Amino acid sequence: MKMQAQTLCNLDDLAKLLIVDKFIDNVRKINRELSSEFSLKLKSKNLENLYVKYIQTGHIEKTLSQLETIATELNDFYIWNIPYKFWLRNYFKLYLKFFHPESTVKLETCLRYSKENFKGVKVTAAKNIEANAVLKNVFGYYKRISIAKKKLLTAQKLDFSLLTNSRTNDENIFSGSIAFVNHDCHPNVEYITAEKHLVYLKSLTDIKEGEEILVYYGDNYFEENNKNCECVTYVLKNNETSNINLEVSNMERITNNCEIEIL
């Protein structure tokens, strides 16, 4: 059975709740409220200790097995309705690779963007990265979606992006850790499609440890000609530093073949 767009949204929701939120705050943007019963059940799982051991050992499969058991129980208990366990396992594995102790990247808080109320996140290099390297620790997953399903998911106020093929105008749900990568008018990475339904990043230049990973969202994401862009390159070029925190949102991204819009 093929994964549906609704399932992909729910997978990403659950992954952010069970994995990403344990490493950094202000990531999960789902408007769905958690019941007190569910919150207590989640707290009892002691995920913090699980990830402390993961960072110490780097054992993906062992961590994944424990996480899969927890996720399956919570999935059955709550309303995610993810029908196949291997989808949970494979998707969670991609997120665990992002936080692996040997990962080339790491997730940090970002206080730069006014549209995020100066409470966002950014991806930085955890080690030196050479030019033309494929960053497989950062992933994006896309799934074709109909206009009717798009309206339904939007009405449910789920946190997802839309990727539109500029040649066919087909729209796809777009999710994954790649959504944490911010924009800059002078990027150091680009999007590449390496496997079916998967998008990775490829470095355009050498990137030093500690530098932010930045991709180009497109010419008109921040209004016409990006006139409201808050990236470091644009701000410095236009000397607009008065009301902007120069530290370096997660919106529209454009590659050679795809336009991505975050709802």
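Only a predicted model underlies this, so the values are computations on that prediction, with no experimental measurement involved. Within every chain, residues take consecutive numbers counted from 1 along the sequence as written. Per-residue local features are limited, in this predicted model, to residues with pLDDT of at least 70; the limit for side-chain atom pairs, both in listing and counting, is 80 or more; totals at the level of whole chains, interfaces and linings are taken over all residues. To obtain the side-chain values, all non-hydrogen atoms of the structure were used and water was disregarded.

Novice: How do you make sense of the side chain of T63 when you look at a structure like this?
Specialist: Segments assigned H or I by DSSP are reported as helices when at least four residues long, segments assigned E as strands when at least two residues long, and all are numbered from the N terminus. Mapped onto the elements, T63 comes out in helix α4 (residues 60-77). For T63, a relative accessible area of 5% gives the class buried. Nitrogen and oxygen atoms within 3.5 Å of one another constitute a polar contact, given that in protein one can donate a hydrogen and the other can accept it, and given that sequence-neighbouring residues count only through two side-chain atoms. Polar contacts involving the side chain of T63 include one to the main-chain carbonyl oxygen of H59, which spans 2.8 Å. Two residues form a contact once any of their heavy atoms are found within 4.5 Å. If we ignore the near neighbours within four places in the chain, the residues touching T63 are L50, Y51, Y54 and L96. Here the term buried applies to any residue with accessible area under 20% of the maximum for its type, exposed to any over 50%, and partly exposed to those in between, with areas from a 1.4 Å probe on protein chains only.

Novice: I keep staring at the nonpolar core and nothing clicks. Help me out?
Specialist: Nonpolar side chains tend toward joint burial in soluble globular proteins. By nonpolar core we mean a set of buried residues, namely Ala, Val, Leu, Ile, Met, Phe, Trp, Tyr and Cys, connected to one another through side-chain atoms within 4.5 Å. Counting 66 residues, the largest nonpolar core has L18, F92 and I213 as its most contacted members. When neighbours within four sequence positions are excluded, I213 is seen to be in contact with V105, V123, T124, A125, I129, L135, V181, N182, N188, V189, L201 and I207.

Novice: Help me out: how do you make sense of the confidence of the model for the protein chain in this one?
Specialist: When pLDDT drops low, the exact placement of atoms in the prediction is not to be read closely. Each residue carries a pLDDT value, the predictor's own confidence for that position, ranging from 0 to 100. With 75% of its residues at a pLDDT of at least 70, the protein chain reaches an overall mean of 78. Considering only residues more than four positions removed or in separate chains, one finds that residues 241-263, a stretch of pLDDT under 50, has 88 contacts.

Novice: What should I look at first to understand the packing of helix α1 (residues 5-18) against helix α5 (residues 85-98) in this one?
Specialist: Each pair of packed helices can be summarised by the angle the axes make with each other and by the distance between the axes. Running from N to C, α1 and α5 cross one another at 50°; their axes reach a closest spacing of 10 Å. Between α1 and α5, the interaxial angle falls into the category oblique. Along this stretch, α1 crosses α5, giving a crossing that reads as right-handed. When α1 is examined against α5, the residues T7, L8, L11, D12, L14, A15, K16 and L18 are found in contact with a partner set consisting of W87, L88, Y91, F92 and Y95. Residues of the contact of α1 with α5, tallied by class, amount to ten nonpolar, one polar and two charged. To get an axis, a line is fitted to the C-alpha atoms, and for a helix only the part in contact is used. The angle between two axes follows their N-to-C directions and goes from 0 to 180 degrees. For classification purposes, an angle smaller than 35 degrees is called roughly parallel, one larger than 145 roughly antiparallel, one from 65 to 115 roughly perpendicular, and anything else oblique. Here is the rule for handedness: rotate from the far helix to the near one, and if that takes an anticlockwise turn smaller than a right angle the crossing is left-handed, while a clockwise turn gives right-handed. Here the term charged refers only to Asp, Glu, Lys and Arg, the term nonpolar to Ala, Val, Leu, Ile, Met, Phe, Trp, Tyr, Cys and Pro, and the term polar to all other amino acids, Gly among them.

Novice: Just to check I follow, could you spell out unusual backbone geometry for this structure?
Specialist: For N46, which is not a glycine, the phi torsion comes out positive at approximately 55°. Residue placement: N46 occurs in the loop between α2 (36-43) and α3 (47-57). The backbone of N132 sits at a positive phi, close to 70°, despite the residue not being glycine. Within the secondary structure, N132 is located in the loop between β2 (120-125) and β3 (134-144).

Novice: I would appreciate a short explanation of the packing of aromatic side chains in the present structure.
Specialist: Here the distance between the centres and the angle between the planes together describe a pair of aromatic rings. Two rings from Phe, Tyr or Trp (for Trp, the six-membered ring) form a pair when their centres are within 6.5 Å of each other. A pair whose planes differ by under 30 degrees is stacked, one over 60 is edge-to-face, and the rest are tilted. Per the stated rule, a full pass over the model turns up eight aromatic pairs. Ring centres 5.7 Å apart and planes at 65° place the aromatic pair Y91 and Y95 in the edge-to-face group. In this pair, Y91 and Y95 both sit in helix α5, four residues apart, roughly one turn of the helix. Ring geometry for Y91 against Y141: centres 6.3 Å apart, planes inclined by 75°, an arrangement best described as edge-to-face. Residue Y91 is found in helix α5, and its partner Y141 is found in strand β3; the two are separated by 50 residues along the sequence. For the pair formed by Y91 and Y141, the shared burial category is buried. Counting every residue linked through ring pairs, the aromatic cluster contains F23, Y51, F98, F99 and F180. Think of it as a cone above the ring: NZ of Lys or CZ of Arg counts as a charge over the ring if it is within 6 Å of the ring centre and within 35 degrees of the ring normal. Directly above the ring of Y113 sits R112, whose terminal nitrogen or CZ lies 5.6 Å from the centroid.

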